[in-house]
Amino acid sequence: MDQLEVDLGGRPVLRDINLRLDRGELVGLLGPNGAGKTTLLRAILALTGIRAGRVLVGGKPSRPGRCEIGYVPQRHEFTWDFPISVEQAVLSGRTGRMGLFRRPGVADWRAVGAALDRVQLTELRRRPVGELSGGQRQRVLVARALALAPRILLLDEPFTGLDMPTQELLGDLFTSLAGAEHAVLMTTHDLVAAVDTCSRLVLLNGRIIADGHPADLQDAALWTTTFGVSDTSPLLKLVKAI
Amino acid sequence: MSITDFLTDLFNPNLAFLPKALAIAVMSSIVCGVVGCYVVLRGMAFIGDAVAHAVFPGIAVAFVLQGSLVLGGAVAGVATALLIAIFSQNRRVKEDSIIGVFLVGAFALGIVIISQAPGYAGSLQQFLFGSITGIPDRDLYVVGGAGLVILGLVLALHKEFVAVCLDREMSRSMGLPVFWLDIVLYVLVTLAVVISLQTIGNILVLALLITPAAAARLLTDRLGVMMLLAPVIGGSAAVVGLYLSWSYDTPVGGTIVLIATAVFLAAWLLAPRHGLLARRWRRRAGQGDGSRPSSLSDPSSRQEASPVTR
Ligand SMILES: Nc1ncnc2c1ncn2[C@@H]1O[C@H](COP(=O)(O)OP(=O)(O)OP(=O)(O)O)[C@@H](O)[C@H]1O
Ligand SMILES: [Mg+2]
């Protein structure tokens, strides 16, 4: 991303964003509510108009429908009461790729099977999505993104509302994806999980406040500016502790 | 009247309108049942209602000009559907308000237009409540042709409709033309409504769209099954409804809708997994004998799926 600027409803939301994401990286995007995290992901996907700057994916301008990017939106974007099985929900991630008027073929089902394997949902593949727990639902969404076999994975708050074991399972999955030459970018409000799993953290609040390895982000000022909290906030204690 | 009497009447050349009415009622309920699945799953029942009312001015114009009612209704309905789709892109006024505006506006226009035609009261009643007499042969082909086109489009675009229904944001990121898919779906709903108006009538047509699909949803958790069940329920309601209406001289639209409603209520009570009785029964079984594999020891029902089982 090069000098990226985004306005929404006439208000500036993102300014002066320069960010480079490489293969093998697992980057955590941290910032308060309204910081523009989701907007940044949408800008990368070319789902929102940008005012200035550019987003390049693999050297080419980003546009919707490119298969290099897998997107995992927040869990509430999905219609969970829809009468559809887990494997069909995952298959729906390939709809754009199959093309209009086409039916899913062997390659599509093979990709679905592989994605379900990765998130360990193979046993539940015939279960209706409405009968899954929060953690299982999150895994369905990740599998749906993986069904495209993307090089880049964008995740919007994948850990929100999940217990520790499930966070760990997903965290391990993201780490192994990054290890397999994927580039992974995830927003999160879970500092502990972010520090634990990410190879790099980006602090965002309208602009990029800091960008580096978790160990290099000890300076309390970075965190107070990003989150607008006072010097005595428990957040800082947490930062110091980890 | 016995079934054999009904069959005799069906093949009685003096009652030629009866088989025609039956054919149109069955075809349109099948089409409505299929399209209605999307309407129910997306929670767009209100759009169906709007479109049903919006076709009225078109029918009124066609009536005044002595043209094809189906065609007139289709033009007006599609125009309204497009207006709703376009206006609802502006998020400042919510979709349901937009629909409310156009629904009543179009209906008002229809009333004003039709009042210009002499002797409109009788025909007004026909539009509103449906009738089985006076169907021109031409309409039989129009309804059949339109039905095939609608079902064909549903078959062709099914996976796109499902994707948009599941997750609009994701569909956009996949590069699907979400806006155009919405428009096509609105137009399909409109056409399904228009071809059903003749027998069911303007006010009750919504039931043909919603009730069979909603009943089917209660009976299954699989979309494919739901989209087969809904037209079967709708088609059967049409046959049984027409038979009863012919036997007891009741209004045909109302009778068909009552049958469909009865099926819905039965599904609500008796559905194998989510019906009221099945839940009661499972609860009893779960309490009675701890050793048999009850729903409580099945991890699948441990989660939020069982607010009533508890
Ligand atoms: N459609 C919109 N029109 C105008 N402003 C918007 C729109 N969507 C978001 N915004 C604004 O853009 C800013 C960034 O929103 P965004 O959703 O990217 O925040 P976020 O960092 O994802 O927050 P959260 O942690 O709450 O998910 C917010 O201040 C919000 O008010
Ligand atoms: Mg967000």
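Residues numbered from 1 in each chain as written. Chains lettered and ligands numbered in written order. Predicted model: local features only at pLDDT ≥ 70, side-chain atom pairs only at ≥ 80, totals over all residues. Heavy atoms only, no water.

Caption draft 1: A look at the overall build of chain A. Each helix and strand in chain A was counted, giving 9 helices and 11 strands. A compact globule built from 242 residues would reach a C-alpha radius of gyration of about 18 Å, and chain A, at 18 Å, matches this within 12%. Dimensions of chain A along its principal axes, counting C-alpha atoms only, are 55 × 40 × 35 Å. Across the 242 residues that make up chain A, the buried fraction comes to 54%. Once local pairs closer than 6 in sequence are excluded, the contacts in chain A between residues at least 24 apart make up 66%. Of the roughly 10,700 Å² that chain A leaves accessible, carbon and sulfur atoms contribute 50%. (Helix = DSSP H or I, 4+ residues; strand = E, 2+ residues; numbered from the N terminus. Rg over C-alpha atoms; globule rule 2.2 N^0.38 Å. Buried < 20%, exposed > 50% of the residue type's maximum accessible area, 1.4 Å probe, protein only. Contact = heavy atoms within 4.5 Å. Areas by Shrake-Rupley, 256 points an atom, 1.4 Å probe, with all protein chains shown as cover.)

Caption draft 2: Focus on the pairing of strand β9 (residues 183-187) of chain A. Residues and elements named next belong to chain A. Within β9, 5 of the 5 residues are buried, which leaves the element mostly enclosed by the surrounding structure. Burial along β9 is two-sided: A183, L185 and T187 facing one way and V184 and M186 facing the other are all buried. In the sheet, strand β3 (residues 26-30) pairs with β9 via 4 bridges, with the strands oriented parallel. Note that in β9 the partner of L29 across the bridge is T187. Pairing of strand β8 (residues 152-156) with β9, which is carried by 5 bridges, proceeds in the parallel orientation. Its bridge partner being in β9, L153 is matched across the sheet by V184. The parallel pair β8 and β9 is bridged by helix α6 (residues 164-179), and the resulting crossover is right-handed. (Pairing = 2+ DSSP bridges. Right-handed = clockwise from strand over helix to strand, strands pointing away.)

Caption draft 3: Structural view of the site of ligand 1. Residue and element names in this part refer to chain A. Contacts to ligand 1 come from 14 residues, most closely from N33, G34, K37, T38 and T39. Side-chain polar atom of N33 to an oxygen atom of ligand 1: 2.9 Å apart, as the coordinates give it. For ligand 1, an oxygen atom lies 2.9 Å from a polar atom in the side chain of H189. Across the complex, the protein chains shield 61% of the 640 Å² of accessible surface that ligand 1 would expose by itself. Only β2 (11-17) and α1 (37-44) provide two or more residues apiece to the shell around ligand 1. For the shell around ligand 1, the residue count by class is 4 nonpolar, 7 polar and 3 charged. (Near = heavy atom within 4 Å. Polar contact = N/O pair within 3.5 Å; in protein donor to acceptor, adjacent residues only side chain to side chain. Nonpolar A, V, L, I, M, F, W, Y, C, P; charged D, E, K, R; others polar.)

Caption draft 4: Examining the sheet that holds strand β11 (residues 207-212) of chain A more closely. Residue and element names in this part refer to chain A. In space, the 6 strands of this open sheet follow the order β7-β8-β9-β3-β10-β11, with mixed pairing throughout. With partners counted over all chains shown, the strands left at the sheet margins are β7 (69-72) and β11, one partner each. Strand-to-strand twist of the sheet, defined as the mean angle between neighbouring strand axes without regard to direction, takes the value 15°. Against the sheet, α1 contacts β3, β7, β8, β9 and β10 (200-205), and its axis sits at roughly 150° relative to β8. Seen against the sheet, helix α8 (residues 220-227) touches β3, β10 and β11 and runs at an angle of roughly 45° to β10. (Axes fitted to C-alpha atoms, helices over the stretch in contact; angles between N-to-C directions.)

Caption draft 5: Quick peek at the environment of T188(A). Residue and element names in this part refer to chain A. The residue T188 is located in the loop between β9 and α7 (191-197) in this model. Residue T188 is classed as buried on the basis of its relative accessible area, which comes to 2%. Separated by 47 residues in the primary sequence, T188 and L235 place their C-alpha atoms 14 Å from one another. If sequence neighbours within four positions are ignored, T188 has contacts with L29, L30, F159 and A194.

Caption draft 6: Focus on unusual backbone geometry. Residues and elements named next belong to chain A. One non-glycine residue, A46, adopts positive backbone phi at about 60°. Residue placement: A46 occurs in the loop between α1 and β4 (52-54). Relative accessible area serves as the criterion here: at 27%, A46 is assigned to the partly exposed category. The phi dihedral of E181 is positive, around 65°, even though this residue is not glycine. Within the secondary structure layout, E181 lies in the loop between α6 and β9.

Caption draft 7: Quick peek at the pairing of β7(A). Residues and elements named next belong to chain A. Of the two faces of β7, the one lined by I69 and Y71 and the one lined by G70 and V72 are each fully buried. As paired strands, β7 and β8 are joined by 4 bridges and run parallel to one another. Across the sheet, residue V72 finds its bridge partner in β8, namely L155.

Caption draft 8: Layout of the interface of chain B and chain A. The interface of chain B with chain A comprises 28 residues on the first partner and 32 residues on the second. In total, about 2,800 Å² of surface goes out of reach between chain B and chain A, with carbon and sulfur atoms giving 61% of it. On the chain B side of the interface with chain A, the three residues burying the most area are K159(B), L166(B) and E169(B), jointly 25% of the side's total. Here chain B is connected to chain A by 2 salt bridges. Between D167(B) and R144(A) there is a salt bridge, with its nearest N and O atoms 2.9 Å apart. Where chain B packs against chain A, one counts 7 residue pairs in polar contact (both at pLDDT 80 or more). For the side of chain B that touches chain A, the elements supplying multiple residues, two or more each, are α7 (137-166), α8 (168-173) and α11 (223-248) of chain B. Broken down by element, the residue count for the side of chain B that touches chain A peaks at 8 residues, all from α7(B). Its residues assigned to classes, the side of chain B that touches chain A comprises 13 nonpolar, 5 polar and 10 charged. (Buried area = accessible area lost by both parts, 1.4 Å probe. Salt bridge = Lys/Arg side-chain N within 4 Å of Asp/Glu carboxyl O.)

Caption draft 9: Seen up close, the side chain of D9(B). All names here are of chain B. Relative to the helices and strands, D9 resides in helix α1 (residues 3-10). Here D9 sits buried without a salt bridge, and the closest side chain of opposite charge, K20, lies 16 Å off (N-O distance). One polar contact links D9 to W246, side chain to side chain, over a distance of 2.8 Å. Setting aside its immediate chain neighbours within four residues, D9 contacts M1, L15, L18 and W246. (Lys, Arg positive; Asp, Glu negative; His and termini not counted.)

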